[in-house]
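Commentary on secondary and tertiary structure
Below are the chains, spelled out letter by letter.
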Amino acid sequence: MLKKSAALLVSSTILFSGASLGDKGSVYAEESNSGNENVKNVIYMIPDGYSAGYATNYRWFKGEDSSFDPYLKGMMKTYSEDTEVTDSAAAGTAMATGSKTNNGMVGVTPDGEKLDSILNASENAGKSSGLVATSTITHATPAVFASHVEDRDNEAGIAPQLLENDVDILLGGGKEMFLPESEGGQQAENLIQQAEEDGYAFAETKDELMDLKKKDRILGLFADEALSPELERSETEEPSLSDMTSTAIDSLSQDEDGFFLMVEGSQIDWAGHAHDAAWAMNDTAAFEKAVEEAIEYAKEDKETLVVIAGDHETGGMTVGSNGEYDVKQDVIQGVSATGDHMAEQLNKDRSNVAQVVEEYTSVELSEEEIETIRSSEKPNEAINNAVSDHALVGWTSSVHTGVDVPIYAYGPASNDFSGLVNNTDIPKKMASAMGVELGNHSENNEKDNKDKQMTWKNKNNKNYATPANGWNEWSVVDYLKSKGYPAGFSFRGKVAASYNVKNYKGTAPQNITMLEQLKEELN
């Protein structure tokens, strides 16, 4: 396996394993005591949009616990720098770099400065790296690990960076983002041809990919845009998520120095946006098979940490709806196509709504439901909502929600992910477990970090800090954590006027001093 040329660096970051609820709902951060365990490899698995609602519905859909349910460790906060409800770009940036950013931004701070990711840190320590997704490989979540753009929609700007950042395994959709405009693509030059000249083996189908399992470097682009939903997999030549995961592991595991691999079940999120419960459950099943590949490898290897966490919740999926104490997953089990596919089968005047839905589901629509679908501007979503109503699966939003999401982990250092953690904690804990340095949080970058995060002022010959983007409870906690104050601490109140320094339970005198000075200044 090709090696990165940088030497192994030891992280000096002080990390926290999670949080527990203290008196009156205060949140306490706790130091990790299990970072010494031997972790050579990390497999980071992200079911985009997945929450406890999805996990419970999937359990009923499958008829038993998922293969990763036994490894539940805690819950994760998902808010972004500029709002309580994150998008995938900001959430992914936090989960990849350990730093919050604004919605829509990829691998950069709110003011546009580049952030190093846990993938970069692994490469700098001589490890190999891989990114796998069922979206375009240039989509927000995979992009945050190896690119920097201020607008997630700039996928054409992301594609060359993935290659320039020397990611060894790139598997997903998005071929058009690598082709020149002369061939219907988005680039000035043919990036696929350049990649092959640089030593990448290229695959466009499942069979081609399976022949490349032991290649050092693989670029697999299996669709012009995103891959197909799992419900349509058998009609294509595309590999499944588990196919891509097993190939990536087989290739990366040849590196004696270890590897970092991110695997995203991208379309669970898309199903949530569309309120398509069957799409969500079937793509979760495909994701679970990929998790099984990762955990099976980790059990044999004994030096591999597997971490599983959604980046946010999508759609507000509930278990039960319409005022009934029930859920009917047999309805979802009986669906054989996505709402998108069903909508494509409707004729021009949509007079065949009942026939199409009957062909692909066990649902018998009422006349009111038929008319709703027939007159809808988005018949796919109208079909999905009708099916969900029959299944008693509820939805509260067409976008993301801000609820905490479950986090699972298996392998050495897996207990570090227990409790209530922030999404920014995840890459820091991974770096600590692997003994690598996450560049944004090293002592060498401490001054740069505090200058980016805080506005520093001087009063009575004392320096103190206020957050650059305004003062709220998260900026206090995150700032103090980034400085490594050793004690647990709590904080309540979102504005400076409500501060009561007695609520601060840290033993480090700096904590109290900073708050007292801040309160005096802002009052």
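Source: prediction; values computed, not measured.

Side note on the pattern of salt bridges
A full pass over the atoms with the stated rule returns 13 salt bridges. Across the salt bridge formed by Asp168 and Arg217, the nearest N and O atoms sit 3.7 Å from each other. Taken together, the residues span a long stretch of sequence, with Asp168 in the loop between helix H5 (155-164) and strand S6 (169-173) and Arg217 in the loop between helix H7 (206-210) and strand S8 (218-221) at a distance of 49 residues. With respect to burial, Asp168 and Arg217 carry one shared label: buried. A salt bridge links Lys213 to Asp250; the shortest N-O distance between them is 3.3 Å. On the criterion of sequence distance, the pair formed by Lys213 in the loop between H7 and S8 and Asp250 in helix H8 (residues 241-252) is long-range, its members being 37 residues apart. Taken together, the shared-partner salt bridges in this structure form one network comprising Arg59, Asp65 and Asp69.

What about H5?
A large share of H5 lies buried, amounting to eight of its 10 residues. Among all positions of H5, only Glu155, Gly157, Ile158, Ala159, Pro160, Gln161, Leu162 and Leu163 are buried. Once H5 ends, the next one or two residues include Asp166, with phi positive near 65°.

Comments concerning the packing of aromatic side chains
Considering all chains together, one arrives at 11 aromatic pairs under this definition. Arranged with centres 6.2 Å apart and planes meeting at 80°, the rings of Tyr44 and Phe260 form a pair that is edge-to-face. Residue Tyr44 is found in strand S3 (residues 41-47), and its partner Phe260 is found in strand S9 (residues 259-265); the two are separated by 216 residues along the sequence. By the burial criterion, Tyr44 is buried, and Phe260 matches it. For the ring pair Tyr50 and Tyr54, a centre distance of 6.1 Å and an interplane angle of 45° mean the geometry is tilted. The buried category is assigned to Tyr50, whose relative accessible area is 1%. Connected via pairs of aromatic rings, a cluster forms that spans Tyr50, Tyr54, Phe68, Phe287, Trp395 and Tyr408. The ring of Tyr79 has Lys100 sitting right over it, with the charged end atom 3.6 Å from the ring centre.

Describing the environment of Thr245
Mapped onto the secondary structure, Thr245 falls in helix H8. Its relative accessible area of 0% is what places Thr245 among the buried residues. In the structure, Thr245 is positioned 45 residues away from Ala290 in sequence and 6.0 Å away in space, judged by C-alpha atoms. Excluding anything up to four places from it in sequence, Thr245 contacts Val263, Ala290 and Glu293.

Looking at helix H13 (residues 353-360)
Helical geometry: 3.6 residues make up each α-helical turn, so side chains three or four residues apart lie on a common side. All of the buried residues along H13 are Val353, Val356, Val357 and Tyr360. Seen end-on, H13 carries its buried residues on one side only, within an arc spanning 95°. Exposed residues on H13 whose side chains face more than 90 degrees from its buried face are Glu358 and Glu359. Against the buried residues of H13 lie helix H12 (339-344), helix H14 (367-375) and helix H15 (379-391).

Here we look at the confidence of the model for the chain
Averaged over all residues, the pLDDT of the chain is 84; the fraction at 70 or higher stands at 77%. Predicted confidence is poor over residues 442-460, with pLDDT under 50, and the contacts of this stretch with residues over four places away or in other chains come to 44 contacts.

Considerations on the nonpolar core
In this structure, Ile43, Met45, Leu171 and Leu261 are the most contacted members of the largest nonpolar core, which totals 69 residues. Considering each element in turn, this core owes the most residues, 12 residues, to helix H10 (residues 277-301). Residues in contact with Ile43, not counting those within four places in the same chain, are Ile249, Phe259, Leu261, Ala294, Tyr297, Thr304, Leu305, Val306 and Val307. Ranked by size, the runner-up nonpolar core spans 56 residues in total, among them Ala96, Ile118, Leu163 and Ala413.

Side note on unusual backbone geometry
Its identity is not glycine, yet Arg350 carries a phi of approximately 55°, on the positive side. Looking at the element boundaries, Arg350 is found in the loop between H12 and H13.

About the criteria used
Residues numbered from 1 in each chain as written. Predicted model: local features only at pLDDT ≥ 70, side-chain atom pairs only at ≥ 80, totals over all residues. Heavy atoms only, no water. Salt bridge = Lys/Arg side-chain N within 4 Å of Asp/Glu carboxyl O. Helix = DSSP H or I, 4+ residues; strand = E, 2+ residues; numbered from the N terminus. Buried < 20%, exposed > 50% of the residue type's maximum accessible area, 1.4 Å probe, protein only. Phe/Tyr/Trp six-rings, centres within 6.5 Å; stacked < 30°, edge-to-face > 60°. Lys NZ or Arg CZ within 6 Å of the ring centre and 35° of its normal. Contact = heavy atoms within 4.5 Å. Arc of directions from axis to C-beta. pLDDT = per-residue confidence, 0-100. Core = buried A, V, L, I, M, F, W, Y, C linked by side-chain atoms within 4.5 Å.

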